[in-house]
Amino acid sequence: MRADARITRREAILELGSILRFPLEVDDDGAEYLRPTSDTTLDVYVDEVDPHYPLVLTIWHWKSQADARTAVSELQPLIARSTGWTVIAQE
């Protein structure tokens, strides 16, 4: 997914974590991501190549790609409604 938010990666993680109460997890290598469910992670980064939707929200689901698509369809409107961002799906 991509969002029209023009904020830093860290600001996005803090906002999503505090508004949606997604726990922040940190790997041994220092990588940070949010955990919406026990089987799903949400990675956030900024891609300045797209001037309209620079915030990239990547959903990872450990069971299957179909479950990841389901998570996207559930999280996309939740994130948009909770943050006020325009969130679009992207394969």
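Residues numbered from 1 in each chain as written. Predicted model: local features only at pLDDT ≥ 70, side-chain atom pairs only at ≥ 80, totals over all residues. Heavy atoms only, no water.

Considerations on helix H2 (residues 65-83)
Line of reasoning, step 1. Over its 19 residues, H2 extends 26 Å from the first C-alpha to the last, a length consistent with the 27 Å expected when each residue adds 1.5 Å.
Line of reasoning, step 2. Taking the largest bend as the criterion, H2 deviates by roughly 25 degrees, centred on Leu75, and proline Pro77 comes between one and four positions later.
Line of reasoning, step 3. All of the buried residues along H2 are Ala68, Ala71, Val72, Leu75, Ile79 and Thr83.
Line of reasoning, step 4. Here the buried face of H2 lies against helix H1 (9-20), strand S3 (32-37), strand S4 (40-46), strand S5 (55-61) and strand S6 (87-88).
Line of reasoning, step 5. One side-chain oxygen of the residue at the start of H2 lies 3.4 Å from the amide nitrogen of Ala66, identifying that residue as Ser64. (Helix = DSSP H or I, 4+ residues; strand = E, 2+ residues; numbered from the N terminus. Expected span 1.5 Å × (residues − 1). Bend = angle between axes of the 7 residues up to and from the residue. Buried < 20%, exposed > 50% of the residue type's maximum accessible area, 1.4 Å probe, protein only. Contact = heavy atoms within 4.5 Å. Polar contact = N/O pair within 3.5 Å; in protein donor to acceptor, adjacent residues only side chain to side chain.)

Quick word on the packing of H1 against H2
Line of reasoning, step 1. Running from N to C, H1 and H2 point in directions that differ by 95 degrees, and their axes come no closer than 11 Å. In terms of axis orientation, H1 runs roughly perpendicular to H2. Together, Glu15, Leu16, Ile19 and Leu20 of H1 and Leu78, Ile79, Ser82 and Thr83 of H2 make up the contact between the two elements.
Line of reasoning, step 2. Looking at the contact of H1 with H2, its residues break down into 5 nonpolar, 2 polar and 1 charged. (Axes fitted to C-alpha atoms, helices over the stretch in contact; angles between N-to-C directions. Parallel < 35°, antiparallel > 145°, perpendicular 65-115°, else oblique. Nonpolar A, V, L, I, M, F, W, Y, C, P; charged D, E, K, R; others polar.)

Some details on unusual backbone geometry
Line of reasoning, step 1. Of note in this structure, Arg21 is not a glycine but carries a positive phi near 60 degrees.
Line of reasoning, step 2. Structurally, the position occupied by Arg21 is in the loop between H1 and strand S2 (24-26).
Line of reasoning, step 3. Arg21 sits in the exposed class, given a relative accessible area of 68%.

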